[in-house]
Amino acid sequence: MLTYTYISKGKFELAEKPKPVLLHERDAIVKVTLASICTSDLHIKHGSVPRAVEGVTVGHEMVGIVQEVGNGVKNVKPGDRVTVNVETFCGECFFCKNGYVNNCTDKDGGWALGCRIDGGQAEYVRVPFADTGLNRIPDTVSDRQALFVGDILATGFWSVRISEINEGDTVLIIGAGPTGLCALICAMLKKPGKIIVCEKDEGRIRFVNEHYPDVLTVTPDKCRDFVLKNSRFGGADAVIEAAGSDTTFSLAWQCARPNAVVTIVALYDRPQILPLPEMYGKNLTFKTGGVDGCDCGEIISLIKEGKINTELLITHTYPLAKADEAYGLFENKRDGVIKVALEC
Ligand SMILES: [Zn+2]
Ligand SMILES: [Zn+2]
């Protein structure tokens, strides 16, 4: 079967591999219908994910049809249309039982698919712990509507959940890339008073203005003053930092009001400075890290009810065989790209 594979630092290639087989009774084999390219795939390509294994099939955001399941799988059966979770988790360890599935202690726990074990930019993928990693897609929801459930949408949803947003709040989202946009879409469900999106790219600001006219937008250089003017208590009540540039971490806490929650979902290239003397007395709460992707069932219900729509983020679609071209476009942010779907 055709796969898109991490060969070595800086090099991804189309490669023929044997179709995966069940290795464990809790595995499923999924025929991938649609996969997407994620910024984390680029991090692998550029060698900034040390755990990524050379030779692995990349791709960790996909939907498909269950082909085959092991004897221990109860929740899905062959023929089911499913979303695949970016995280592999056993459902039984301390972390899983508390909803912290990103830190599942199984050897394949956390982000393994498309990083340490073969992922979904391929015709088929083996999914360990299929009962926790797969969620059924209702007939009325299309593959394109469900494509982001297992990764960026899960991340946006989780970031909003842990940010403790209340009705009427001013929410600042830094970064209108795919994850920031998913956070925006999920934040709207909390009925905040104002959402401010801070973004430096003109095209992305235009995208937000066009699709979410009630959302305020601002560039980073004007962000602090703008947030101050548009908040009730000297800063945003909640800040979600989804940009990850060299200046956005400090921008995030500087724009927060005292006692706010500052949630960091961005992945930085370098360490960031936490100037505790400067922030003393501001009494902020920082929440950081990678998604605990255990809200996928709820997210799918919200899509079905028409309350979440991320289909408009798919700006380009390519067949898997043209993955090189698709990556070139995504990596160089050409042609107003937000997300690329690969037909597998
Ligand atoms: Zn991702
Ligand atoms: Zn676990």
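Definitions and cut-offs
Residues numbered from 1 in each chain as written. Chains lettered and ligands numbered in written order. Predicted model: local features only at pLDDT ≥ 70, side-chain atom pairs only at ≥ 80, totals over all residues. Helix = DSSP H or I, 4+ residues; strand = E, 2+ residues; numbered from the N terminus. Buried ≥ 20, exposed ≤ 12 C-beta atoms within 10 Å, placed from the backbone. Contact = placed C-beta atoms within 7 Å. Core = buried A, V, L, I, M, F, W, Y, C linked by C-beta atoms within 7 Å. Domains from an automatic or database assignment. Pairing = 2+ DSSP bridges. Axes fitted to C-alpha atoms, helices over the stretch in contact; angles between N-to-C directions. Arc of directions from axis to C-beta. Nonpolar A, V, L, I, M, F, W, Y, C, P; charged D, E, K, R; others polar.

As a further point, take the overall build of the protein chain. Scanning the protein chain from terminus to terminus reveals 12 helices and 17 strands. Overall, the C-alpha framework of the protein chain stretches about 60 × 40 × 40 Å when taken along its three principal axes. In the protein chain, which comprises 344 residues, the proportion classed as buried is 49%. Restricting to contacts in the protein chain with at least 6 residues of sequence separation, those with at least 24 account for 70%.

Soluble globular proteins: nonpolar side chains tend toward being buried together. One finds Ala-28, Val-30, Leu-172, Ile-173, Val-239 and Ala-252 to be the most contacted residues of the largest nonpolar core, which totals 105 residues. For this core, the leading source of residues is helix H6 (residues 178-187), giving 7 residues. Mapped onto the domain boundaries, this core takes at least three residues apiece from domain 1 (2-151 + 292-343) and domain 2 (155-288). Discounting residues that sit within four places of it in the chain, Val-239 has contacts with Leu-172, Ala-252, Cys-255, Ala-256, Ala-260, Val-262 and Thr-263.

One open sheet accounts for 6 strands, arranged S12-S11-S10-S13-S14-S15; its pairing is parallel. Across the chains shown, the open sheet's two edge strands, defined by having one partner strand only, are strand S12 (216-218) and strand S15 (285-288). Adjacent strand axes in the sheet meet at a mean angle of 20 degrees, parallel and antiparallel pairs treated alike. When strand S10 (residues 170-174) meets strand S11 (residues 194-198), the two strands line up parallel, connected through 5 bridges. Residue pairing for S11: Ile-174 is matched across the bridge by Cys-198. Packed on one face of the sheet, H6 meets S10, S11 and strand S13 (236-241) and runs near 165 degrees to S10.

Let's shift gears to helix H7 (residues 202-211). Listed in full, the buried residues belonging to H7 are Arg-204, Phe-207 and Val-208. When H7 is viewed along its axis, its buried side chains cluster within an angular range of 95 degrees and face the same direction. Residues of H7 that are exposed and point more than 90 degrees away from the buried face comprise Glu-202 and Glu-210. Where the residues of H7 are buried, they touch S11 and S12.

Interfaces are often sized by the accessible area lost when the parts come together. With domains assigned, the protein chain is organised as domain 1 (2-151 + 292-343) and domain 2 (155-288). Counting from both sides, the interface comprises 16 residues of domain 1 and, opposite them, 15 residues of domain 2. Here the residues of the side of domain 1 that touches domain 2 sort into 6 nonpolar, 5 polar and 5 charged.

Examined against the element boundaries, Leu-216 turns out to sit in strand S12. Note on Leu-216: 17 C-beta atoms within 10 Å, which makes it partly exposed. In sequence terms Leu-216 and Lys-11 are 205 residues apart; their C-alpha atoms lie 39 Å from each other. Excluding residues that lie within four positions of it along the chain, Leu-216 makes contacts with Lys-194, Ile-195, Ile-196 and Asn-230.

By the alternation rule, side chains of strand S8 (residues 124-127) split into Tyr-124 and Arg-126 and Val-125 and Val-127, which are all buried. Taken together, the 4 bridges between strand S3 (residues 28-36) and S8 define a ladder with antiparallel strand orientation. Along S8, the bridge assignment pairs Ile-29 with Arg-126.

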